[in-house]
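For reference, the chains in residue letters:
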Amino acid sequence: MNKVITVTVNGVQQVLEVEPRTLLVHMIREILNLTGTHIGCDTSSCGACTILLDGKSVKSCTILAVQANGKSITTIEGISTEGELNPIQEGFKENHGLHCGFCTPGMIMRITELLKDNPDPTEEEIRWGISGNLCRCTGYNNIVKAVLYASAKMRGVPTASTEPEFV
Amino acid sequence: MIQCKTSKEISGMGHSMKRKEDVRFLHGKGHYIDDLKLPGMLYMDIARSPYAYAKIKNIDISEAMKVPGVVAVVTGKDLEKYNLHWMPTLMSDTQMVLPTDTVMYQAQEVAAVIATSRYAARDGREAVKVEYEVMKPVIDPFKAMHADAPVLRTDKPGKKDNHIWHWEVGDKAKTEKVFKDAEVVVKQDMYIPRIHVSSIETCGCVADYDKVNNHLTMYMTTQAPHAIRTVIALVAGHVGLSEEKIRVVSPDIGGGFGGKVPVYPGYVIAIAVSFLTGKPVKWIEDRSENLQADSFARDYHITAELAGTRAGKIQATRFKVLADHGYTDASANPSKFHTGLFSIATGSYDYDTAYMEADAVYTNKPPGGVAYRCSFRVTEAVHAIERITDRFAFEIGMDPARLRMKNFIKKEDFPWKSPTGWIYDSGDYHAGLKKAMEAIGYDALRKEQIEKRKKGELMGIGISTFTEIVGAGPSKDFDILGIKMFDSAEIRVHPTGKAIARFGTKSQGQGHETTYAQIIAEELGIPAANIQIEEGDTDTAPYGLGTYASRSTPTAGAAAAVAARKLRDKARKIAAYLLEVSEDDLVWETGKFYVKGAPEKSKTIQEIVFAAYTNHPQGMQAGFEATHYYDPPNLTFPSGAYICVVDIDKETGAIHVRRFVAIDDCGHIINPMIVQGQVHGGLTQGIAPAMYEELIYDEDGNILNGTLMDYLVPTAVESPKWETGHVVTPSPHHPIGAKGVGESPTVGSPPAIVNAIVDALSPYGIKHMDIPVTPFKVWKALKEKGVV
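Here the structure is a predicted model, which means the values were calculated and not measured.

About the cut-offs
Residues numbered from 1 in each chain as written. Chains lettered and ligands numbered in written order. Predicted model: local features only at pLDDT ≥ 70, side-chain atom pairs only at ≥ 80, totals over all residues. Heavy atoms only, no water. Axes fitted to C-alpha atoms, helices over the stretch in contact; angles between N-to-C directions. Helix = DSSP H or I, 4+ residues; strand = E, 2+ residues; numbered from the N terminus. Left-handed = near helix turned anticlockwise from the far one by under 90°. Contact = heavy atoms within 4.5 Å. Nonpolar A, V, L, I, M, F, W, Y, C, P; charged D, E, K, R; others polar. Buried area = accessible area lost by both parts, 1.4 Å probe. Salt bridge = Lys/Arg side-chain N within 4 Å of Asp/Glu carboxyl O. Polar contact = N/O pair within 3.5 Å; in protein donor to acceptor, adjacent residues only side chain to side chain. Domains from an automatic or database assignment.

1. Some remarks on the packing of helix H14 (residues 512-524) of chain B against helix H15 (residues 552-579) of chain B
For any two helices packed against each other, the geometry comes down to the angle between their axes and how far apart the axes lie. Residues and elements named next belong to chain B. Direction vectors running N to C along H14 and H15 enclose 35°, while the axes themselves pass 9 Å from each other. Here H14 runs over H15; the crossing is right-handed. The segment H14 lies against H15, with His512, Tyr516, Ile519, Ile520, Glu523 and Leu524 engaging Ser552, Ala556, Gly557, Ala560, Ala561, Ala564, Arg565, Leu567 and Arg568. Across the contact of H14 with H15, the residue classes break down as 9 nonpolar, 3 polar and 3 charged.

Set out below in structure tokens:
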């Protein structure tokens, strides 16, 4: 028996009919066609599917769509206007924080909450803070730099040079 | 500091240009395979074997067919009717698409369920009932080589053992003599375990066969779309698929690292089902299937030996390999190189004597032998030579840095011929190691180590100074299924001076959309921002062998430079016509030709290109396009000097990588930011097998860690803060002096880490640790020595 749920997705209220067993990530990707949220594993290990549920970063493969009833969902498509980059996205671009781009939306959604909770994190806090999200390409150095850049920018302090220390 | 010839506006070689591809990924607007949805699309899921070796007695699909939404269930018997139940591997062995009678490894595909939704397909998969007669599998490759081992490949008429091939290179007799007469001989068995690339995106496809037009569009996660198109035409030609009616599209790929080179059964079944139903069929594997059934990497059992003098002069080296290939040889190597480029195993050292041999064997494990950011067995070779070099240094009591400095091939001796036949193009190993030692403060660290040892603390310093071999390859020796390993570039410059360029390669995160544009910008002076790069669609891109084994810059990157130079030659002719001077009177300066002695008389590249469409000389072809298929004259030989410092907790065996300095030499650098990013990523895929990752099987062939819960891909916490740098010795034969770099750090870093760990443990007589070196292994070794 399908269930009808009401969710606010990137600021717009939607009424959707879903199978009770539908994973939230499948609802987002296949019913709402918001394909920026990715699936990288089947054990809640990789974090590629991370979104914000009522402002909290969650792995949307580990939540049923019906559990989101009455809640607010933010995906990568909802964090900035197309054509503009928010400070986190800009940090990734300026610091080469992405290669293949597959883990990137999940990372950015996780970092969005991380910086809300801790606007001026240390490197160590960033590494622990993103340890639920796997990246196979970058080796994380430049993701950490991207977060430091975003943190500085959001706090209105000068951002560090983004030139690589590759001498 | 890297010198740039072009301004930042042009952003040619050497600029850390921010990546052009980033914006779409940052907005979640990449187009990966699972994002594709076609009208009427069906979904496929695959039932897999729970056993490593079993006869299939019966497959009952009746319950599965009753599941709402299930359209069809396909078994090996169904494919057999079309002779599609077996397919060739890249190494000309054979592999089942779906079995008709026997399964050869756990997680092997047994039946495919096709349904109208993803969930219905999974429900159907759970309802497929298979009756097996379980047999005792052969898991240990050494036992598989025994004369009395059961023969696994009974499908091969007359096959009497599990041996696949034997390979050898070098001078056996001379090597034996040197070893016999040597003052010092060291010998070490080492295992380079089976690992998995585990790119964050798994594999998948949408096969879309159009019955009316007899046309197949195959959207798939492939690193080599053109080769795949030809393979489909060769394998499925007998059912009426013809190469001009096949289009392979490789969309954005969420990491490849070699795992997306092979043709997996799932792709073939999806094509077959789309062919039969006339509907698009999507197959996306989940992570566990990806880890358990897709091609593995490594799995080499190596015995390494080194002969030298007490004074520290190396004389000869010898390697013996047993390669576990699983049930079929599905490696992704050039045809003539069964053991890849393992023969680079004399490394960075001035050997004139070496002998290497390898044998491959079938076992009841998944097939493969593909890359994990290095496909051609260079990682195995580098591990062997760098570990045995350290064993030798330890044996004669010489500092491993000094030993290396003493035995490196000298800068002035390049091009240098190795005893296994390679011509190293260029290198400056002394400069690389010197720079790494200065960066990390080597001498001070050794002093600190002496103090720590007095207190009983475990601190180790490990070095790896490796030589890579990438850029396959010269057509004389290199082909895959007979297709020579050239690669291609096609550049079209539009009337307003903006360009599109297409390539036979396929980026999976390497940043080709930026770096290829920079190469063309360097040669033509058109801003890289105005050069659009496209890859991955076989209908539009020129033919090429794809992106793997760090070959894109050495081959397609070279093709871009040569094609651009053809255009510059044409531009000179047009400029001479426009300025009414002889071609010889023109001087090229990035972005324009001017008249010798009269620099105010000039034409910009944009003016010249516009004239190519609006005012070209009579007799000259209009337009401004060039194509080049580049056949490299040699491989490129990047190198690196890596130093790692570890601290080990004696009580728990916990290993802390305190510092890691990597100095890479990949010749001229196109984009330092991207090269550094490649090095960071590669190093992390080096520490992963060195300390965390291994696919483990029990004696019944059960995989013990087939999910990301227990196959330990490093997180940001396990990954050290990498320190990187470079030296530059340009490749003398490459048009822009570049070498490949992507796989270097994965190849070079594991032995640096292991050498550091063993160095820390060496006061207790510990001489070797097999990877992954875990805290438990360290603790056990210390306990055995009575230290804990």
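2. A look at the interface of chain A and chain B
Contact residues are listed per partner, giving 60 residues for chain A and 67 residues for chain B. Summing both sides of the interface, chain A and chain B together bury roughly 5300 Å²; the carbon and sulfur share of this comes to 56%. On inspection of chain A and its partner chain B, the count reaches 7 salt bridges. Where chain A packs against chain B, one counts 31 residue pairs in polar contact (both at pLDDT 80 or more). Counting residues per element, the side of chain A that touches chain B draws most heavily on helix H2 (residues 87-94) of chain A, which supplies 4 residues.

3. As for the domain arrangement of chain A
Residue and element names in this part refer to chain A. Each assigned domain of chain A is listed with its residue range as follows: domain 1 (3-78) and domain 2 (87-155). Spacing between the C-alpha centres of domain 1 and domain 2 amounts to 21 Å. Contacts between the two partners involve 18 residues from domain 1 and, on the opposite side, 14 residues from domain 2. Buried surface at the junction of domain 1 and domain 2, both sides included, amounts to about 1200 Å², of which 59% is carbon and sulfur. Along the contact surface separating domain 1 from domain 2 lie 1 salt bridge.

4. A look at the environment of B:Cys205
All names here are of chain B. Tracing the backbone through its elements, the reader meets cysteine 205 in strand S11 (residues 204-210). Spatially, the C-alpha atom of cysteine 205 lies 6.4 Å from that of threonine 221, the residues being 16 residues apart in sequence. When near neighbours in sequence (up to four residues on either side) are disregarded, cysteine 205 contacts Ile33, Met218, Tyr219, Met220, Tyr267, Ala270, Val281, Lys282, Trp283 and Ile284.

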